[in-house]
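As a plain string of letters, each chain reads:
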Amino acid sequence: MSESNDQDGGKGRLSLRPAGRLELGRTVDAGSVRQSFSHGRSKVVQVEVRKKRAPLPNPSAAAGAPPPPPAGAAPAPRPPVSPGRPAPGAGRALTATEQAARQRALVEQQRDAARREAERREQEKISILSAAEEARRREAEARKAAEEEARLAEEQAAREKIEAEERRVAEAAAAAAAAAAAARTPAEQRQAAAEEAQEALRAPAAQQQPQSAAQPAAKAPAARPPAQGQPAPSAATETLRLRTARPEEEDEGRPVRRPGAGGLPARKPPVVAPKKGTDDRRRAGRIDVQAAIEGEDEKVRSLASVRRQRERERRQAELDRLRSDQVKVVRDVILPEQITVQELANRMAARAPEVIKALMKLGVMATITQTLDADTAELVVQEFGHRARRVSESDVELGLEGDADIDTDLVIRPPVVTIMGHVDHGKTSLLDALRSTDVAAGEAGGITQHIGAYQVTMPAGERITFIDTPGHEAFTAMRARGASVTDIVILVVAADDGVMPQTIEAIRHAKAANAPIIVAINKMDKPDSNPDRVRQELLSYDIVVEEMGGETQDVPVSALKRTGLDKLIEAILLQAEILDLKANPNRTAEGTVIESRLDRGRGPVGTVLVQRGTLKQGDIVVAGSEWGRVRAMLDDKGKQMAAAGPSAPVEILGLSGAPSAGEPFVVVENESRAREITEFRERRQREKAAGAAVGARGTLDQMLARIQAGEQKEVAVLIKADVQGSAEAIQVVVMKLAHEEVKVRVLLAGVGQITESDVQLAKASSAVIIAFNVRATSQARELAQRESVDIRYFSIIYEVADDVEKLVKGKVAPKAREKFLGYAEVRKVFNITKTGRVAGCMITEGLVKRGSGVRVLRDNVVIHTGELSQLKRFKDDVREVARGYECGLSFAHFQDLQEGDVIECFETEMVPG
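Residues numbered from 1 in each chain as written. Predicted model: local features only at pLDDT ≥ 70, side-chain atom pairs only at ≥ 80, totals over all residues. Heavy atoms only, no water.

Caption draft 1: Local environment of the overall build of the protein chain. When helices and strands are tallied, the protein chain shows 23 helices and 34 strands. The burial tally for the protein chain puts 34% of its 913 residues in the buried class. For the protein chain, restricting intrachain contacts to residue pairs at least 6 apart in sequence, the fraction spanning at least 24 positions comes to 67%. Accessible surface computed for the protein chain: about 56600 Å², of which carbon and sulfur atoms make up 51%. (Helix = DSSP H or I, 4+ residues; strand = E, 2+ residues; numbered from the N terminus. Buried < 20%, exposed > 50% of the residue type's maximum accessible area, 1.4 Å probe, protein only. Contact = heavy atoms within 4.5 Å. Areas by Shrake-Rupley, 256 points an atom, 1.4 Å probe, with all protein chains shown as cover.)

Right, dumping it as structure tokens:
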């Protein structure tokens, strides 16, 4: 910048554009720039600046008027131009140094502008953040002000009362003093005036004492001289006046009641520290003797500190108020047999650390996820002042069955009839004849291996529900389930075979279920049929038919020729009428799972029999440890159903898994209840399985005994069947095949196709996979071939039993068995040098072989057991000697031979176990 600009006030502003009037300047400006380097080196560089030609000046610019500023921008100030002097920079171009200086000035301006903008934004943020704090502070100040005003009002009332009392006392004292002054003599008056003069002389000396000692005296009002014609006040009068005036003077900083101020004291103005001159010594941090004496060196609290203190006080006051307002709530805490610390804290509405602290006081160190027993949890609940209510985990099943039905709500329902009997006595054929279908033709091996449920509508409109059970001995559980849900049992007995083992078992099941029996004597079309023989045999099992004076109905039928079926149906309906079967259809459904399976396309499928209520599509069903929402219902013919009433057998879809056959099913109100019940049942099953596994392992002594005797052999099998009942039956069959030396272990008995996880489980345990009416997936087949896992497919349960029995026998070690060869009698004993004693014998029975085992009997008592070392006839060694011939025998390690001894000869052979 030029010197003239500095003298003009420094109002000129650095810019790359020259100020002043516009003119066409030079387009080329030459200059030099000196560059400095390290070690004192420098270099001068010639710089040539090329500029664009400036536009022609407008008339206003030619006249010396400044150009109009842009819209929205303030006009830039220009430095004054003295008359006769050209504007700076108007007549010449800027040098490189001036341009660099102006550039730096512009950069600094931009930085300042950016910094100011940032500070402005930060201030806005601070103001926004402090708005809420300021509002809270004002609220607290208003509350405090109200409290302060109330307190001041009370103090003012008390002060006014005290002042009135003191004025009355002062007036009485003044009157007494005036009376005393009037009675004084002139000499006493002169003495009192002298004392007042001395007091006046001592006053300046008292003012020079330290301020701490002078402040009480300075606050006392000066003694007013007595008015003309009045006596001077005495010392007692002055003391009383000071005592009366001190409360007002000491509280001069407090608000006082003013007349006309609405009866409320004015707010106390904020205290402002007095300034000691222009320099604030406390803020500057300096201190001198006077400040130390006057006590002005103490630090003053900042405004933020005061705000924080007020905020803490406000929060503490709020907390105290809330605690005082809170009422202790006593809760009923439900305690199961086991509960976690977190769940216990939630049920008591308490913090988990407080519960852990209470446990530590009881001597129990537990974390938030650990489980407590019911006794410990009850102590903690009592410690917190609540009421504990002990419940069992099984309480979740309470109320599942529902209330008992009222007689007015009951309606007649169809009877449930179970057909039972020995295998191959014609049960399914009889049911086919009643249903007019042909189910028996589709059975593998001609025998029923599944439990089936059907509902048949008679020509007269009556409906009967039939349950067909297998007759094979392996399906005992199926027959027991069929008998437990039935109303009437039809006992099918073949007229040519009579009563057989499974017939007896069916009778026992029916009696256990307390169900009436109708005897159907089948196969009456055969020539050798004898129904009287059947009736006679049934008498042995307390089944007395009507023809013999009993109460049991018997109907001769022929399923093949379809004869006697109408009489059988009539007997069923008559028995149902006697039983008076009724149920309430207007309630939630309950029933029993007859069978279950895994369908490849539909998932878990359960065949259920509704016993009470009506099952609707969309109901939430709990069956054993499985639950689900009923997505679809099918009858025995595969037709869709929207609802199923009492005694209706249906297939339901939508369960989470295949439930166990025989489990009861109920409809619950929501999914949470269903999930809670199934989780409890699964946990109970796991605990039961774990206990069984521990018991199977045995004690430590038993384990050591097995280790010493060698590992026990076992046959591990993995069973996959099409339905749950078949899996149970196969498991029963294979478990019966266990041997004393070989144990049969069932790894898994489930339903559905064979998957890769089944193959991996069988590989880990060296097990055989038994597939009953199911197949393996392609991935499972490839994995089984790669891992050499044996998968055996069956469709008849006889074949399963035979195959597993072969596996068990193959594991049994062969046993040694003695084979008797013959007897020889000792006739003569010879002493041979180098050989010892040789017995000359006669073969009395069988034969004697060289190398066989022998026993020496003396008076029919075994005195030696060993091996025959030499067998000679005359002087030749022979392999064997038959009955009736003489021979010489020599024994190893035995020489005590006598005439008359009997030699028993035998050999040992190994036979399969």
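Don't stop here, the text continues.
Caption draft 2: The environment of glutamate 462, seen in detail. One can find glutamate 462 in the loop between strand 9 (452–457) and strand 10 (463–468). Separated by 111 residues in sequence, glutamate 462 and leucine 573 have C-alpha atoms that sit 8.5 Å apart. Look past the residues within four positions of glutamate 462 in its chain and what remains in contact with it is Val456, Thr457 and Leu573.

Caption draft 3: The arrangement of the nonpolar core in detail. Counting 26 residues, the largest nonpolar core has Leu430, Phe466, Ile490, Leu568 and Ile572 as the members making the most contacts within it. Put simply, the parts of the chain that give this core at least two residues each are strand 8 (416–421), helix 13 (427–435), strand 9, strand 10, strand 11 (488–494), strand 12 (517–522) and helix 17 (565–579). Looking at this core, the element that brings in the most residues is helix 17, giving six residues. Residues in contact with isoleucine 490, not counting those within four places in the same chain, are Val417, Thr418, Ile419, Met420, Phe466, Ile518, Ala520, Leu568 and Ile572. (Core = buried A, V, L, I, M, F, W, Y, C linked by side-chain atoms within 4.5 Å.)

Caption draft 4: Geometry of helix 12 (residues 374–383). The set of residues buried in helix 12 consists of Ala374, Thr376, Ala377, Val380 and Val381. All buried residues of helix 12 lie within an arc of 160° about the axis, which places them on one face of the element. Taken together, the buried residues of helix 12 touch strand 3 (332–335), strand 4 (338–340), helix 10 (341–348), helix 11 (352–361), strand 5 (371–373) and strand 6 (387–390). Regarding helix 12, its N-cap is aspartate 373, as a side-chain oxygen of that residue lies 3.2 Å from the backbone nitrogen of aspartate 375 further along. Once helix 12 finishes, glycine 385 follows within two positions and takes phi at roughly 85°, a positive value. (Arc of directions from axis to C-beta. Polar contact = N/O pair within 3.5 Å; in protein donor to acceptor, adjacent residues only side chain to side chain.)

Caption draft 5: Structural view of unusual backbone geometry. At aspartate 542, a residue that is not glycine, the phi angle is positive and equals roughly 60°. Examined against the element boundaries, aspartate 542 turns out to sit in the loop between helix 16 (531–538) and strand 13 (553–556). With a relative accessible area of 62%, aspartate 542 lands in the exposed category. The phi torsion at aspartate 859 lies on the positive side, around 60°, for a residue other than glycine. Note on placement: aspartate 859 falls in the loop between strand 29 (853–858) and strand 30 (861–873).

Caption draft 6: View of the pattern of salt bridges. Applying the stated rule across the entire model yields 45 salt bridges. Here glutamate 117 ties to arginine 121 by a salt bridge, and the two come within 3.3 Å at their closest N and O atoms. In this pair, glutamate 117 and arginine 121 are both assigned in helix 3 (residues 96–182), four residues apart and thus about one turn of the helix distant. For glutamate 117, a relative accessible area of 30% corresponds to the partly exposed category. Between arginine 792 and aspartate 790 there is a salt bridge; the shortest N-O distance is 2.6 Å. Taken together, the shared-partner salt bridges connect Glu117, Arg120, Arg121 and Glu124 into one network. (Salt bridge = Lys/Arg side-chain N within 4 Å of Asp/Glu carboxyl O.)

Caption draft 7: Focus on the side chain of arginine 855. Relative to the elements of secondary structure, arginine 855 occurs in strand 29. Using a relative accessible area of 16% as the deciding quantity, one classes arginine 855 as buried. At 2.7 Å, the side chain of arginine 855 and the side chain of glutamate 818 are in polar contact. If we skip the residues at most four places from it in the chain, arginine 855 touches Glu818, Val862, His864, Thr865, Val902, Ile903, Glu904 and Phe906.

Caption draft 8: Structural view of the state of the cysteines. Inspection of every chain in the model, using the stated rule, returns zero disulfides. Cysteine 905 takes part in no disulfide bond, and the closest cysteine sulfur, belonging to cysteine 887, lies 9.5 Å away. (Disulfide = S-S within 2.5 Å.)

Caption draft 9: Quick peek at the side chain of aspartate 496. Residue placement: aspartate 496 occurs in the loop between strand 11 and helix 15 (501–512). The class for aspartate 496 is buried, based on a relative accessible area of 15%. There is a polar contact of 3.2 Å between the side chain of aspartate 496 and the side chain of lysine 526. If we ignore the near neighbours within four places in the chain, the residues touching aspartate 496 are Lys523, Lys526, Asp528, Ser529 and Arg533.

Caption draft 10: Fine view of the sheet that holds strand 12. Strand order in the open sheet made by the six strands is 9-10-8-11-12-13, with mixed pairing throughout. At either margin of the open sheet sits one strand with a lone partner, and together these are strand 9 and strand 13. Shown here is a sheet whose adjacent strand axes are inclined to one another by a mean of 25°, direction ignored. Alignment of strand 8 against strand 11, held across five bridges, turns out to be parallel. Bridging across to strand 11, glycine 421 finds its partner in valine 492. Contacts from helix 15 reach strand 8, strand 11 and strand 12, with the element oriented near 165° to strand 11. (Pairing = 2+ DSSP bridges. Axes fitted to C-alpha atoms, helices over the stretch in contact; angles between N-to-C directions.)

Caption draft 11: Spatial organisation of the environment of alanine 721. Relative to the helices and strands, alanine 721 is located in strand 23 (residues 713–721). Placed 54 residues apart in sequence, alanine 721 and arginine 775 show a C-alpha to C-alpha distance of 9.3 Å. With near-sequence residues (within four places) excluded, alanine 721 lies in contact with Ser726, Ala727, Gly750, Val751, Gly752, Phe772 and Val774.

Caption draft 12: Inspection of the sheet that holds strand 26 (residues 791–794) at higher detail. Spatially, 24-23-25-26 is the arrangement adopted by the four strands of the open sheet, whose pairing is parallel. A single partner strand is all that each edge strand has here, and the edge strands are strand 24 (742–751) and strand 26. Sheet twist, expressed as the mean angle between neighbouring strand axes with direction ignored, is 25°. Where strand 23 meets strand 25 (residues 768–772), five bridges bridge the pair, whose relative direction is parallel. Bridge assignment links leucine 718 to a residue of strand 25, and that residue is isoleucine 769.

Caption draft 13: Spotlight on the confidence of the model for the protein chain. Summary statistics for the protein chain give a mean pLDDT of 75 and a share of 72% for residues scoring 70 or more. Confidence drops under a pLDDT of 50 for residues 438–443, and excluding neighbours within four residues, the segment shows nine contacts in the predicted structure. (pLDDT = per-residue confidence, 0-100.)

Caption draft 14: How the structure looks around the packing of helix 21 (residues 756–765) against helix 22 (residues 778–787). Relative to each other, helix 21 and helix 22 sit at 20°, their axes nearing to 8 Å. Our classification of the angle between helix 21 and helix 22 gives roughly parallel. In the crossing of helix 21 with helix 22, the sense of the turn from one axis to the other is right-handed. Packed against helix 21, whose contacting residues are Glu756, Val759, Gln760 and Lys763, the element helix 22 presents Gln779, Ala780, Leu783, Ala784 and Glu787 at the interface. (Parallel < 35°, antiparallel > 145°, perpendicular 65-115°, else oblique. Left-handed = near helix turned anticlockwise from the far one by under 90°.)

Caption draft 15: Molecular detail of the packing of aromatic side chains. If you walk through the whole model with that rule in mind, you get one aromatic pair. Above the face of the phenylalanine 906 ring, arginine 855 is positioned so that its terminal group lies 4.2 Å from the ring centre. (Phe/Tyr/Trp six-rings, centres within 6.5 Å; stacked < 30°, edge-to-face > 60°. Lys NZ or Arg CZ within 6 Å of the ring centre and 35° of its normal.)

Caption draft 16: View of the packing of helix 10 against helix 11. Helix 11 packs onto helix 10 with a crossing angle of 110° between their chain directions and a minimal axis gap of 9 Å. Comparing the axis directions of helix 10 and helix 11 gives the class roughly perpendicular. Between helix 10 and helix 11 lies a crossing of right-handed hand. Residues Val341, Gln342, Leu344, Ala345 and Met348 of helix 10 form the contact with helix 11, whose participating residues are Ala352, Val355, Ile356 and Leu359. Taken together, the residues of the contact of helix 10 with helix 11 sort by class into eight nonpolar, one polar and no charged. (Nonpolar A, V, L, I, M, F, W, Y, C, P; charged D, E, K, R; others polar.)

Caption draft 17: Examining helix 20 (residues 724–736) more closely. If you check helix 20, its first and last C-alpha atoms are 19 Å apart, about what 13 residues at 1.5 Å a residue would give, namely 18 Å. Within helix 20, burial applies to Gln724, Gly725, Ser726, Ala727, Ala729, Ile730, Val733 and Val734. (Expected span 1.5 Å × (residues − 1).)

Caption draft 18: Quick look at the pairing of strand 25. Across the five residues of strand 25, five count as buried, placing the element largely inside the fold. With burial as the criterion, each face of strand 25 is covered, one bearing Val768, Ile770 and Phe772 and the other bearing Ile769 and Ala771. Taken together, strand 25, helix 22 and strand 26 form a β-α-β motif whose crossover is right-handed. (Right-handed = clockwise from strand over helix to strand, strands pointing away.)

Caption draft 19: Up close: the environment of valine 396. As for its placement among the helices and strands, valine 396 is situated in the loop between strand 6 and strand 7 (411–412). Residues valine 396 and isoleucine 677, 281 residues apart in the sequence, show an inter-C-alpha distance of 6.2 Å.

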